[in-house]
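# What the coordinates show
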Amino acid sequence: MTLVALAASAVLLVLQAQSQSNPAFGIHDKSRPQPAAVTPGMPSTQARVGSAPSDAVVLFDGGSLSAWRTGNGDAAWKVVDGEIEVTPGSGSLTTREGFGDCQLHVEWMVPKGLKPAGQAGANSGIFLMDLYEVQILQSAGNTTYADGTAGSLYGQHPPLVNPCRPQGEWNAFDILFTAPRFKEDGSLQSPGYCTVIFNGVVVQNHAEIFGRTAHAAPASYAPHAAKLPISIQDHGDALRFRNIWVRPLGN
Ligand code: MG
């Protein structure tokens, strides 16, 4: 083989190299499916409610609570002025649909009339798969244990920083969640992971979830379905929520 031919075959080899993310395609393979076009949503401001990307499952846009239930019945929480208000003591608000890996956007606000005192008075939470809590708490002007602060993976990982806005102002969570996987025998194949962007600031960076959220106890896993509902905690405090949407990722 001449040097030129050798060089040409080396180039061909490079051209035909398999994609490391999907060996069914080559690197720069023109036959690989195009990413779907998505119309981005509009970010919220304090005064204006934003909108979801075009491919999101809208869980609440200011209208009805039809995507949600409480227990086995209809949602027991109220819509007030286009916002969801917790009905204290009624139980969690739970999606009717189940989700695994996902991107979740949710905005929350502690009204000025509430009286935060540590974990009391201004507490809620996002329970991914109804099991793994990203803590919601009025954490500006209110101190508690670090791993129970807003943006914590409750009892497991404190937030990296505390970007909570003052009481009465809206906060936004953008959560990237990887669900845990279980083997056929029920043992853990891979843990869950969670990234949380809180008011535009990363507070959890692919943090490993150690198991089901527990209070004052070590977390552990028990096997469960690949998709489960998302729920919002009723901790007895009348917080407000708006602009909630989710994008299932890869499953
Ligand atoms: Mg909570």
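Below or above, wherever it landed, is the structure these notes cover.

Criteria and thresholds
Residues numbered from 1 in each chain as written. Predicted model: local features only at pLDDT ≥ 70, side-chain atom pairs only at ≥ 80, totals over all residues. Heavy atoms only, no water. Pairing = 2+ DSSP bridges. Helix = DSSP H or I, 4+ residues; strand = E, 2+ residues; numbered from the N terminus. Donors = N, O, S within 2.8 Å, 3.2 Å for Na, K, Ca; no water. Buried < 20%, exposed > 50% of the residue type's maximum accessible area, 1.4 Å probe, protein only. Core = buried A, V, L, I, M, F, W, Y, C linked by side-chain atoms within 4.5 Å. Contact = heavy atoms within 4.5 Å. Polar contact = N/O pair within 3.5 Å; in protein donor to acceptor, adjacent residues only side chain to side chain. Salt bridge = Lys/Arg side-chain N within 4 Å of Asp/Glu carboxyl O.

Further remarks concern the pairing of strand 13 (residues 193–198). Successive side chains on a regular strand alternate, one facing one side of the sheet and the next facing the other. Across 6 bridges, the pairing between strand 10 (residues 170–178) and strand 13 is antiparallel. Opposite Asp174, over in strand 13, you have Ile197 as the bridge partner. Note: strand 13 against strand 14 (residues 201–208), 5 bridges, orientation antiparallel. By the bridge assignment for strand 14, Tyr193 is matched with Glu208. Counted between consecutive antiparallel strands, the loop separating strand 13 from strand 14 contains 2 residues, among which Asn199 sits at a positive phi close to 50°.

We now examine the coordination of the magnesium ion. Taken together, the protein donors to the magnesium ion comprise Asn123 (OD1), Ser124 (O), Glu133 (OE), Gln135 (OE1) and Gln233 (OE1), at separations of 2.2 to 2.4 Å. Within one chain, the residues serving as donors to the magnesium ion are arranged as N-S-x8-E-x1-Q-x97-Q. In this pair, Gln135 sits in strand 9 (residues 132–137) while Gln233 sits in the loop between strand 15 (231–232) and strand 16 (240–248), placing the two residues 98 residues apart along the sequence. One exposure class covers both Gln135 and Gln233, and it is buried.

Trp108, Ile126, Phe173, Ile175, Phe241 and Ile244 are the most contacted members of the largest nonpolar core, which totals 42 residues. Those elements giving two or more residues to this core turn out to be strand 1 (57–60), strand 7 (102–109), strand 8 (123–128), strand 9, strand 10, strand 13, strand 14 and strand 16. With near-sequence residues (within four places) excluded, Phe241 lies in contact with Phe60, Trp77, Glu83, Ile84, Val86, Val106, Glu107, Trp108, Ser124, Ile136, Trp170 and Ile232.

Here we come to the side chain of Glu85. As for its position among the elements, Glu85 is in strand 5 (residues 83–85). Under the relative-accessibility criterion, Glu85 is labelled buried at 14%. Of note is the side chain of Glu85, whose polar atom sits 2.9 Å from the side chain of Arg240. Discounting residues that sit within four places of it in the chain, Glu85 has contacts with Trp77, Lys78, Val80, Ala238, Leu239 and Arg240.

Next up on the list: the pairing of strand 16. The buried fraction of strand 16 is high, at 7 of 9 residues. Sheet topology note: the strand 1/strand 16 ladder contains 3 bridges and is antiparallel. Within strand 16, the position partnered with Val57 by the bridge is Val246. The pairing of strand 5 with strand 16 spans 2 bridges and is classified as antiparallel. Each bridged residue has a counterpart across the sheet, and for Glu85 the counterpart in strand 16 is Arg240. Of the pairings in the sheet, the one linking strand 7 to strand 16 comprises 7 bridges and is antiparallel in character. Residue pairing across strands places His105 opposite Trp245, the latter belonging to strand 16.

This paragraph deals with the sheet that holds strand 6 (residues 93–95). With respect to topology, 6 strands assemble into an open sheet ordered 3-2-6-15-8-9, the strand pairing being antiparallel. A single partner strand is all that each edge strand has here, and the edge strands are strand 3 (73–74) and strand 9. Bridge count between strand 8 and strand 9: 6 bridges; the pairing is antiparallel. Following the sheet pairing, Ser124 is matched in strand 9 by Ile136.

It is worth spelling out the pattern of salt bridges at this point. Note on pairing: side chains with opposite charge can pair once their charged atoms come close. For the coordinates displayed, the defined rule picks out 7 salt bridges. A salt bridge links Glu83 to Arg240; the nearest nitrogen and oxygen atoms lie 2.6 Å apart. Within this pair, whereas Glu83 is found in strand 5, its partner Arg240 is found in strand 16, the two being separated by 157 residues in sequence. The exposure class assigned to Glu83 is buried, which follows from its relative accessible area of 16%. Between Asp101 and Arg181 there is a salt bridge, with the nearest N and O atoms lying 2.8 Å from each other. Taken as a pair, Asp101 in the loop between strand 6 and strand 7 and Arg181 in strand 11 (residues 181–182) lie far apart in primary sequence, 80 residues in all. Under the relative-accessibility criterion, Asp101 is labelled buried at 12%. Assessed through its relative accessible area of 31%, Arg181 is described here as partly exposed. A cluster of three or more residues bridged by salt bridges with shared partners is formed by Lys78, Glu83, Glu85 and Arg240.

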